[in-house]
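Structural features, examined
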Amino acid sequence: TMAVPVTDEEHALGELRIAEPLYDAADLSPEPVISFGRRWMRRNVPKRVDHTCFVQGDTGPGNFVFHNDDVWLVDLEISHFGDPMEDLAAICVRDMVTPFGDLRRLFAEYESLVDWRLDHSRIRYHRVSKCVRSLMAIVSLAELGHQRGEMLTWWAYRALYVRSACQALAEAMGLDFADVRHPDIVQDHVGGSPWTALHDLLGADLDDLSHSLDGSAVDDLIQRGTQAAAVLKRVDAFDAGFQAAEKAELEELLGSEIATSADGLRQLDERLRHDTLNCDDIDLLRFLSARADRQCLLLRPAMGAMADGRFSPID
């Protein structure tokens with residue numbers, strides 16, 4: 001049987017508490033935005049949830065089946081009882097990945113049809129929860145998945161959801177996401193490096209193969225190789241500068257020198273998990289957003305249109 005939440009904390013944190021032990025037991029590389037999101041969610045539990053209902057958990061266009069005048073809801077593997085604003089947050093996430101409509105109009109229509117109030121602040125809270133919990137699964141798949149062909153896909157989704165978690169956190173904190181981003185990072189001008197010619201050669205060879213071979217499996221392999229070559233070209237051009245910038249930013253956040261940015265990320269994640277980080281949440285969010293934008297820039301060839309994915313306005 002499904003438990004029915006009673007307290008505000010149970011409505012807000014019930015699903016997170018299910019995911020956390022699995023994520024922590026996996027012993028994955030640090031992802032500070034997850035630790036920050038977990039801490040923020042516990043500190044900002046919405047008060048006075050005024051309605052409890054059956055929540056589908058992954059609501060979006062792909063999970064409704066229409067037949068004549070009937071509408072069927074499918075994919076109930078993470079369904080539970082909870083705050084109805086959770087399902088609206090799930091719609092926001094689906095729209096962020098693949099935009100499908102004017103959410104302000106759709107949510108206004110929803111409010112006209114239900115007996116409970118539409119609460120935008122709770123939707124924003126649950127967007128954070130959706131991003132954090134999705135990231136727990138995506139990070140696991142990116143690091144522990146055994147399907148070689150899916151690795152680049154999960155890296156792309158990881159970059160997307162890290163940045164989306166930053167946007168969700170910023171807007172839930174009452175901030176304009178544009179104000180916490182560094183404008184220079186989001187510009188997309190790939191420079192050169194000593195290895196540029198080799199990456200170009202690999203990309204050109206794969207492109208030639210794509211025009212000379214048939215078969216969907218071969219096409220998929222060539223497409224993946226082409227994307228990987230384009231990502232590596234960006235890593236070659238940008239990564240040294242990105243690593244230096246990230247190291248400096250981490251040292252400022254941590255208040256001490258670090259050996260490498262990877263070491264700094266481990267320290268940052270550890271302090272977030274133990275709530276011993278002494279810095280302003282906005283400064284932390286600026287760092288996390290900059291890191292997310294760098295990853296999206298590097299992975300843009302694999303992300304495609306997702307590289308520009310943002311949450312749509314809801315009010």
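Above this text you will find the structure in question.
In what follows, the accompanying structure is described. (Residues numbered from 1 in each chain as written. Predicted model: local features only at pLDDT ≥ 70, side-chain atom pairs only at ≥ 80, totals over all residues. Heavy atoms only, no water.)

**As for the overall build of the protein**
When you go through the protein residue by residue, the secondary structure sums to 10 helices and four strands. Ordering the α and β elements of the protein from the N terminus gives α-α-β-β-β-β-α-α-α-α-α-α-α-α. Taking 20 Å as the expected radius of gyration for a compact globule of 315 residues, we find that the protein reaches 21 Å, a close match to that expectation. Each of the 315 residues in the protein was classed as buried or not, and the buried ones make up 42%. Considering only intrachain contacts with a sequence separation of at least 6, the fraction spanning at least 24 residues in the protein is 76%. Looking at the protein as shown, the accessible area adds up to about 16300 Å², and 54% of this sits on carbon and sulfur atoms. The positive charge centre, built from 32 side chains, and the negative charge centre, built from 54, are 4 Å apart in the protein. (Helix = DSSP H or I, 4+ residues; strand = E, 2+ residues; numbered from the N terminus. Rg over C-alpha atoms; globule rule 2.2 N^0.38 Å. Buried < 20%, exposed > 50% of the residue type's maximum accessible area, 1.4 Å probe, protein only. Contact = heavy atoms within 4.5 Å. Areas by Shrake-Rupley, 256 points an atom, 1.4 Å probe, with all protein chains shown as cover. Lys, Arg positive; Asp, Glu negative; His and termini not counted. Charge placed at Lys NZ, Arg CZ, Asp CG, Glu CD.)

**Observations regarding unusual backbone geometry**
Although it is not a glycine, R48 adopts a positive phi angle of roughly 60 degrees. Mapping R48 onto the fold places it in the loop between helix 2 (32–43) and strand 1 (53–55). Assessed through its relative accessible area of 66%, R48 is described here as exposed. Even without being a glycine, D75 presents a positive backbone phi close to 65 degrees. With respect to the helices, strands and loops of the structure, D75 is situated in the loop between strand 3 (70–73) and strand 4 (80–82). By relative accessible area, which is 32% here, D75 ends up partly exposed.

**Thoughts on the side chain of E246**
Note on placement: E246 falls in helix 8 (residues 216–254). The buried category is assigned to E246, whose relative accessible area is 8%. Once residues lying within four places of it in the same chain are set aside, the contact partners of E246 are S261, L265, F287, R291 and R294.

**What about the nonpolar core?**
V33, I123 and M303 are the most contacted members of the largest nonpolar core, which totals 66 residues. Those residues within four positions of I123 in sequence are excluded, and the remaining contacts are M85, L88, A89, C92, F107, L118 and I314. (Core = buried A, V, L, I, M, F, W, Y, C linked by side-chain atoms within 4.5 Å.)

**Overview of the pairing of strand 3**
Two elements, strand 2 (residues 64–67) and strand 3, share four bridges in a ladder whose sense is antiparallel. Pairing of H67 across the sheet is with D70, part of strand 3. Linking strand 2 back to strand 3 in an antiparallel pair, the connection comprises two residues, with N68 at a positive phi of about 55 degrees. (Pairing = 2+ DSSP bridges.)

**Considerations on helix 10 (residues 281–303)**
Taking 1.5 Å of rise per residue, the 23 residues of helix 10 would be expected to cover 33 Å, yet its terminal C-alpha atoms sit only 28 Å apart, more than 12% below that figure. Taking the largest bend as the criterion, helix 10 deviates by roughly 45 degrees, centred on L297, and proline P301 comes between one and four positions later. Its side-chain oxygen at 2.8 Å from the backbone nitrogen of I282, D280 defines the N-terminal cap of helix 10. Backbone geometry just downstream of helix 10 places G304 in the positive-phi region, at approximately 60 degrees. (Expected span 1.5 Å × (residues − 1). Bend = angle between axes of the 7 residues up to and from the residue. Polar contact = N/O pair within 3.5 Å; in protein donor to acceptor, adjacent residues only side chain to side chain.)

**Comments concerning the environment of P5**
Structurally, P5 can be placed in the segment before helix 1 (8–25). For P5, a relative accessible area of 11% gives the class buried. Taking the C-alpha atoms as reference points, P5 and H80, 75 residues apart in sequence, are found 9.5 Å from one another. Those residues in contact with P5 that sit more than four places away from it in its chain are E10, H11, T52, F81 and G82.

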